[in-house]
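Given next are the chains, with one letter for each unit.
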Amino acid sequence: MSEDRFGRFGADVSRRKFIAGAGVAGTVSVAGCVGSLGSADEDDTGSLSADGSSTVYPITSKAGSLWNSNPPADDEEYWGPSQYGIDSDENLADYWAGRYGFEAKDSGAPPFETSIGLNHTGVGLQKLEEGQVDIGDASAPVSAEFPDRSESDLEPFVDHVVAVDAQPIMVSKAVKDDGLDKITLEEVRGIYRGEITDWTEVEAYGGSSKEIQVIGRAEGSGTDTSFRNNVLGDPDAEMEVDARKGENQQVQTTLEQSDNAIAYAGLAFVSDQAPMVNLVIDGTEYTRERMADPEYPLARDLHCYTWKDTSKKEAAFIRMILHPYGQQQFVEPADYLPLTDERREEELGKLPEPSN
């Protein structure tokens, strides 16, 4: 089979038909059975699969879970469409899928199931390119993840921004208890370049001498790429770390189980035992409330990438997340920042128009 613009798939086989025929490799198991999709395109058959960034995972995972459970319209906790200006008495997935021509099932199951995997950005984008998933969750732009690729090579990746994350600097609780409530950008750079190795070298720290345990995310994760680009000035900058963790959840656990660590992760992973400290940049102290400021350098878009022409199945799911319903149900509870109305309209414009 010759390679063409579909990458590893020949010109006579569409990528989505390959997914439907081969199944989804490497993602979590599909919840429930996959059945007929009603009147939608044959290219849209099968379940909807996503994989990638552990930062984006709380958004797409909850969206997928509610989609699969397909709550009725009178469930105001999880759906209740009238609360969001939607005139419908349909179940959740029936409504959003129905906008693209998918038919509801008598059983109450959704028109198609979703399967959401947990990994990191580089893996998700690679799986998307190879036809193993429909959506690649990413916490960094594809151009930063694949910096050596040409613009034409990256063109098939279609970027759908679904939220904004303000990435915090986090430490072990014991470090914060020793007085560290803020840290300068220059000090963070020094720590991750191996120039600062003891907490007593950090001005705001008030405790006794304690070696700094430096935690990074796995190379290839969007969180790591964004951090190195925004803090060290280059997505490929060298860093001195004691350990790299594949997922934000592992970073949080490491901080909670340590008494001397520093790390960076998504805002959703701050906890009492893994607290954030304010970042001071050019004399301005960025508290949690100020992290939404455009000037905060560690704010980054969160992406759901699709491949080439976004399918109706993909569009139905992403449209749900972009709607005020999805922003309130999936984005805000994960401690991410919802898109402005202007940005939502811009992102909705990238999706195929619904049929109703």
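Residues numbered from 1 in each chain as written. Predicted model: local features only at pLDDT ≥ 70, side-chain atom pairs only at ≥ 80, totals over all residues. Heavy atoms only, no water.

Draft legend 1. Quick peek at the nonpolar core. Membership of the largest hydrophobic core comes to 83 residues, with the highest contact counts inside it found for Trp-67, Ile-183, Ile-191, Trp-199 and Ile-262. Here the element with the most residues in this core is helix α11 (residues 312-322); it accounts for 7 residues. Apart from the residues lying within four places of it in its own chain, the contact partners of Ile-262 are Ile-169, Met-170, Val-171, Ile-183, Ile-191, Tyr-192, Trp-199, Ile-212, Gln-213, Val-214, Ile-215 and Leu-255. Core analysis: the next-biggest nonpolar cluster, separate from the first, contains 10 residues, Leu-128, Leu-154, Tyr-305 and Trp-307 among them. (Core = buried A, V, L, I, M, F, W, Y, C linked by side-chain atoms within 4.5 Å. Buried < 20%, exposed > 50% of the residue type's maximum accessible area, 1.4 Å probe, protein only. Helix = DSSP H or I, 4+ residues; strand = E, 2+ residues; numbered from the N terminus. Contact = heavy atoms within 4.5 Å.)

Draft legend 2. Broad picture of the side chain of Asn-248. In this fold, Asn-248 is placed in helix α10 (residues 248-256). In this structure Asn-248 comes out as buried when scored by relative accessible area, which is 0%. Of note is the side chain of Asn-248, whose polar atom sits 3.4 Å from the backbone nitrogen of Gly-266. Sequence-distant contacts of Asn-248, defined by excluding residues within four places in its chain, comprise Ser-54, Thr-55, Arg-217, Thr-223, Ala-265, Gly-266 and Phe-269. (Polar contact = N/O pair within 3.5 Å; in protein donor to acceptor, adjacent residues only side chain to side chain.)

Draft legend 3. Structural view of unusual backbone geometry. Phi is positive for Lys-308, close to 60°, though the residue is something other than glycine. Take Lys-308: it is sitting in the loop between β13 (299-307) and α11. On the basis of relative accessible area, Lys-308 is assigned to the partly exposed category, the value being 28%. Even without being glycine, Asp-335 reaches a positive phi, approximately 65°.

Draft legend 4. Looking closely at the pairing of strand β3 (residues 135-138). A two-sided burial pattern is seen for β3, the buried positions comprising Ile-135 and Asp-137 on one face and Gly-136 and Ala-138 on the other. Looking at chain direction, strand β1 (residues 48-52) and β3 are connected through 3 bridges and run parallel. Bridge pairing links Ala-50 to Ile-135 in β3. Looking at chain direction, β3 and β13 are connected through 3 bridges and run antiparallel. Opposite Asp-137, over in β13, you have Cys-304 as the bridge partner. (Pairing = 2+ DSSP bridges.)

Draft legend 5. Spotlight on the pairing of strand β8 (residues 213-217). With 4 of its 5 residues buried, β8 lies for the most part within the structure. One ladder, built from 2 bridges, connects β8 with strand β10 (residues 261-264); its direction is parallel. Bridged to Gln-213 within β10 is Ala-261. Direction of pairing for β8 relative to strand β9 (residues 243-245): parallel, over a ladder of 3 bridges. Bridge pairing in β9 places Gly-216 opposite Arg-244.

Draft legend 6. The arrangement of the packing of aromatic side chains in detail. All chains considered together, the criterion is met by 17 aromatic pairs. Their ring planes at 55° and their centres at 6.2 Å tell us that Trp-79 and Trp-96 sit as a pair that is tilted. Remark: Trp-96 occurs in helix α3 (residues 92-98) and Trp-79 occurs in the loop between α2 (57-69) and α3; sequence separation between them is 17 residues. Judged by its relative accessible area of 0%, Trp-79 is buried. On the basis of relative accessibility, which here comes to 1%, the residue Trp-96 falls in the buried class. (Phe/Tyr/Trp six-rings, centres within 6.5 Å; stacked < 30°, edge-to-face > 60°.)

Draft legend 7. The confidence of the model for the protein chain, seen in detail. Model confidence for the protein chain is summarised by a mean pLDDT of 87, while 87% of its residues fall at 70 or above. Every residue in residues 1-42 is under pLDDT 50, and counting partners more than four places away or in other chains gives 91 contacts. (pLDDT = per-residue confidence, 0-100.)

Draft legend 8. Expanded view of the pattern of salt bridges. Applying the stated rule across the entire model yields 13 salt bridges. Ionic pairing is found between Asp-134 and Lys-313, a salt bridge with its closest N-O pair at 3.7 Å. One end of the pair, Asp-134, is in the loop between α4 (121-129) and β3; the other, Lys-313, is in helix α11, with 179 residues separating them in the sequence. Across the pair Asp-301 and Arg-343 runs a salt bridge whose closest N-O atoms are separated by 2.9 Å. Residue Asp-301 is found in strand β13, and its partner Arg-343 is found in helix α13 (residues 341-348); the two are separated by 42 residues along the sequence. Overall, the relative accessible area of 25% leaves Asp-301 in the partly exposed class. Salt bridges sharing common partners tie together Glu-219, Asp-224, Arg-228 and Arg-244. (Salt bridge = Lys/Arg side-chain N within 4 Å of Asp/Glu carboxyl O.)

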